[in-house]
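Chain and residue survey
What follows is the residue order along each chain.
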Amino acid sequence: MITDSQKDLLKASKVLVTGGAGFIGSNLCEKLLEFGAEVTCLDNFATGHKHNIEPFLENPNFHFIEGDIRNLETCIKATKNQDFVLHEAALGSVPRSINDPITSNDVNVSGFLNMLVASRDNSIKRFVYAASSSTYGDSENLPKVEDVIGKPLSPYAITKYVNELYANIFNKSYGLNTIGLRYFNVFGRRQDPNGAYAAVIPKFVMQLMRKESPVINGDGTYSRDFTYIDNVVQMNLLCLTTDNKQALNEVYNTAVGDRTNLKELTHLLKQNLAQYDSDISRVEIKHGPNRPGDIPHSLASVEKAKKLLNYNPTHRIEDGLKEATHWYWDNL
Ligand SMILES: NC(=O)c1ccc[n+]([C@@H]2O[C@H](COP(=O)([O-])OP(=O)(O)OC[C@H]3O[C@@H](n4cnc5c(N)ncnc54)[C@H](O)[C@@H]3O)[C@@H](O)[C@H]2O)c1
């Protein structure tokens, strides 16, 4: 949990959030502003939205740069006079990377490298970046522990693993402090339900609200460690402010340490949404083929984050889904 002295440190800090107009980035901006930090958001709206940052535009502590991390000059300008970087900008989605590996690589690898170079040159104190559970690839070990990974199963997974390799080398070669957060299926307010590459929770919520049948890939027994956004925000802020030097230059699973299968997930979603409209409980769930590259199960060990960062997840999936469905009901 974040202590008062960690909150004081945030209040006195300047933080650049790349991808700040996206789902996770906008939640990070919001919390940082709440703690009194000065926040700069860099985003090109590739998948993010103006409406995600609209509430912050009036705040004198919020600054926005519309720009692309594929441009080194933009990264250098954005990191100038900043203390910390939370690097969220990337093209997410495994299927997107399979359809267009070149653009995913340009943004997720070349853009990442630009941000590392800019952070090194502008003496950023800590560079905390969005890594991914996809780095576990074909490893079947459960729970996933940080130092046992398999072979990547998609171009996206390669880009996220390369991020970890580059971050490590930037620490070893130039002394830049980095921390990678391997996010596991994050969900919550402002996650985009639209588009071909929408994540399962917002997509199913929107379909259920429209009384359309969600389609589960496979028989519904595949499971994931679904992680509510508040836990992810906590991890990022702990990384920025921890005084434990041993915690730096590491990667951490960012999850809850529970797994839920797709059948259970759709049941919980229907149950939550039926409180607002009882007809939703009668929407039929359909099944399609398994998606290529999908692993059957994913479950994180969060012991390393608990031990080194004092991480204490506040929301299990049921708590998170309650808040998220409420938010979607009010905002979609
Ligand atoms: N959501 C998850 O479950 C999950 C899981 C693992 C890793 N991640 C990683 O977390 C990060 C944030 O993901 P998210 O779910 O908030 O996605 P998102 O698409 O909502 O946010 C990504 C943001 O990056 C911006 N962006 C993309 N390309 C850019 C570029 N070239 N220059 C500047 N900005 C650019 C987008 O406009 C968007 O606002 C990503 O790095 C993603 O790979 C997310």
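The structure we're discussing is the one just above.
The rules we used
- Residues numbered from 1 in each chain as written.
- Predicted model: local features only at pLDDT ≥ 70, side-chain atom pairs only at ≥ 80, totals over all residues.
- Heavy atoms only, no water.
- Buried < 20%, exposed > 50% of the residue type's maximum accessible area, 1.4 Å probe, protein only.
- Helix = DSSP H or I, 4+ residues; strand = E, 2+ residues; numbered from the N terminus.
- Pairing = 2+ DSSP bridges.
- Contact = heavy atoms within 4.5 Å.
- Arc of directions from axis to C-beta.

What follows covers the pairing of strand S11 (residues 250-254). For a regular strand, side chains alternate in direction, first toward one face of the sheet and then toward the other. Of all five residues making up S11, four are buried, and the element is well covered by its neighbours. Where strand S6 (residues 178-183) meets S11, five bridges bridge the pair, whose relative direction is parallel. Bridge pairing in S11 links Ile179 to Glu250.

Here the focus is the environment of Leu176. Topologically, Leu176 is positioned in the loop between helix H7 (155-174) and S6. Measuring from C-alpha to C-alpha, the distance between Leu176 and Ile149 comes to 24 Å, with 27 residues separating the pair along the chain. Once residues lying within four places of it in the same chain are set aside, the contact partners of Leu176 are Leu116, Ser119, Arg120, Ile124, Phe127, Phe170, Asn171 and Asn249.

Buried within helix H4 (residues 72-79) are the following residues: Thr74, Cys75, Ala78 and Thr79. End-on, the buried residues of H4 take up no more than an arc of 120°, which puts them together on one face. Residues of H4 that are exposed and angled more than 90 degrees away from the buried face: Glu73 and Lys77. Residues of H4 that are buried in the fold lie against strand S1 (14-18), strand S2 (38-43), strand S3 (62-66), strand S4 (84-87) and helix H6 (101-121). Asn81 sits one or two residues past H4 and shows a positive phi near 60°.

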